[in-house]
Amino acid sequence: MSDDPFERFKKCAVELLNVQPDQVTKEARFGDDLDADSLDLVELVMALEEEFDVTVDESELEGIETVGQAFDLINAKL
Amino acid sequence: MSRVALVTGGNRGIGLACARALADAGHRVAITYRSAPPEGVPADWLCVACDVTDTAQVDAAFSTIEAELGPVEILVSNAGVTADMLVLRMGEDAFGSVIDANLVGGFRVAKRAVAKMMRARFGRIIFLGSVVGSTGQAGQANYAASKAGLVGLARSLAREFASRSITVNVVAPGPVATEMFAAVSDDTRAAIEGAVPLGRLAEPEEVAAAVAFLASDAAGYITGAVVPVDGGLGMGAT
């Protein structure tokens, strides 16, 4: 597996959101571009917590709308 | 369609009847028990020890079931306790421990089950409530509160997971002829029977029939419902 954090992030998103890898850009919006609802996002966060061995508090998810924002949140904890 | 069904507290009483009804419907059945492993149940049932007040035990039980049978598709949250006494004599621990087993226990098993149901885009969760959750019952403030709480839990789950075709319902029995009831004196029993419009206790199988129906594919449009199986005792209270 790639060590690049964004590639690992992308792999989780592709698996859980059932999207193509090239759709997972940092500008992509979860709702509009990736057709993800709130349950999808919760599942994604749980998978990311496991993949990166980090903990994300509910309050940190406020206002997260794009892949880039979510990635930065996780990446800052590494 | 044969599915994997788990009944907590399926070793006796209503839970055992539910497990039998689900097995009769062709499902692969797992049950959990706390104190005594059941005797005389079919050899193909998976019987797992689990105290629903212990999150680690709940997780371990589900992991065992997933390894042996596959992810749980039908969850019957039945395990429960009573600690009856008048409120003036009821310590906070007697209140809290019943809530922990009956209500938080339901939350623990449902939470553990629902993640896998989400992935499968299918699930049936049925909580065993009680008529006293809506009517109240002297001597059962803790039990009644826990059973009323299950309704709010079930309806919230029903809303959260509706988009994944997971239905969540409550079956609310009245008095049922189980071991729990055998200890009741003849006078009390007669008084209870007199209060029930149908004039008798329910057999566990009559509760199980409603549970098995809600677990079936045919019940796919029923969610957030409280189905009384109480001989008419609770009419007008919900």
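For the structure itself, look to the data block above.
Note that the structure is a prediction, hence the values are computed from the model and not measured.

Cut-offs applied
Residues numbered from 1 in each chain as written. Chains lettered and ligands numbered in written order. Predicted model: local features only at pLDDT ≥ 70, side-chain atom pairs only at ≥ 80, totals over all residues. Heavy atoms only, no water. Helix = DSSP H or I, 4+ residues; strand = E, 2+ residues; numbered from the N terminus. Rg over C-alpha atoms; globule rule 2.2 N^0.38 Å. Buried < 20%, exposed > 50% of the residue type's maximum accessible area, 1.4 Å probe, protein only. Contact = heavy atoms within 4.5 Å. Areas by Shrake-Rupley, 256 points an atom, 1.4 Å probe, with all protein chains shown as cover. Lys, Arg positive; Asp, Glu negative; His and termini not counted. Charge placed at Lys NZ, Arg CZ, Asp CG, Glu CD. Polar contact = N/O pair within 3.5 Å; in protein donor to acceptor, adjacent residues only side chain to side chain. Disulfide = S-S within 2.5 Å. Buried area = accessible area lost by both parts, 1.4 Å probe. Salt bridge = Lys/Arg side-chain N within 4 Å of Asp/Glu carboxyl O. Nonpolar A, V, L, I, M, F, W, Y, C, P; charged D, E, K, R; others polar.

(A) Quick peek at the overall build of chain A. Per the secondary structure count, chain A includes 3 helices and 0 strands. Mapped from its N terminus to its C terminus, chain A presents α and β elements in the order α-α-α. Computed over C-alpha atoms, the radius of gyration of chain A comes to 11 Å, within 12% of the 12 Å expected from 2.2 N^0.38 for 78 residues, which places it in the range of a compact globule. Reported as C-alpha extents along the three principal axes, the dimensions of chain A are approximately 30 × 25 × 20 Å. Taken across its 78 residues, chain A has 37% of its residues classed as buried. In chain A, 52% of the contacts between residues at least 6 apart in sequence involve partners at least 24 apart. Total accessible area on chain A is roughly 4700 Å²; 44% of this is exposed by carbon and sulfur atoms. Charge separation in chain A, taken as the distance between the mean sites of 6 positive and 22 negative side-chain charges, equals 6 Å.

(B) Summary view of the side chain of Glu43(A). Within the secondary structure, Glu43(A) is located in helix H2 (residues 38-52). Residue class for Glu43(A) comes out buried when judged on its relative accessible area of 10%. At 3.0 Å, the side chain of Glu43(A) forms a polar contact with the side chain of Arg119(B). Apart from the residues within four sequence positions on either side, Glu43(A) is in contact with Leu16(A), Met118(B) and Arg119(B).

(C) Structural context of the state of the cysteines. All names here are of chain B. Scanning the entire structure with this criterion turns up 0 disulfides over all chains. Of the cysteine sulfurs around Cys-47, a residue in no disulfide, the closest is that of Cys-50, at 13 Å. Cys-47 sits in the partly exposed class, given a relative accessible area of 30%.

(D) Examining the interface of chain A and chain B more closely. Across the boundary between the two partners, chain A contributes 6 residues, which contact 7 residues of chain B. The junction of chain A with chain B conceals about 530 Å² of combined surface from both sides, 45% of it contributed by carbon and sulfur atoms. Counting the surface chain A buries against chain B, the share from its top three residues, Asp37(A), Leu39(A) and Glu43(A), is 76%. Joining chain A to chain B, the criterion identifies 3 salt bridges. Measuring nitrogen to oxygen at the nearest pair gives 2.9 Å for the salt bridge that ties Asp37(A) to Arg164(B). Listing elements by their share of the side of chain A that touches chain B, those giving two or more residues are helix H1 (5-17) and H2 of chain A. Sort the elements by how many residues they give to the side of chain A that touches chain B and H2(A) lands first, with 3 residues. Here the residues of the side of chain A that touches chain B sort into 2 nonpolar, no polar and 4 charged.

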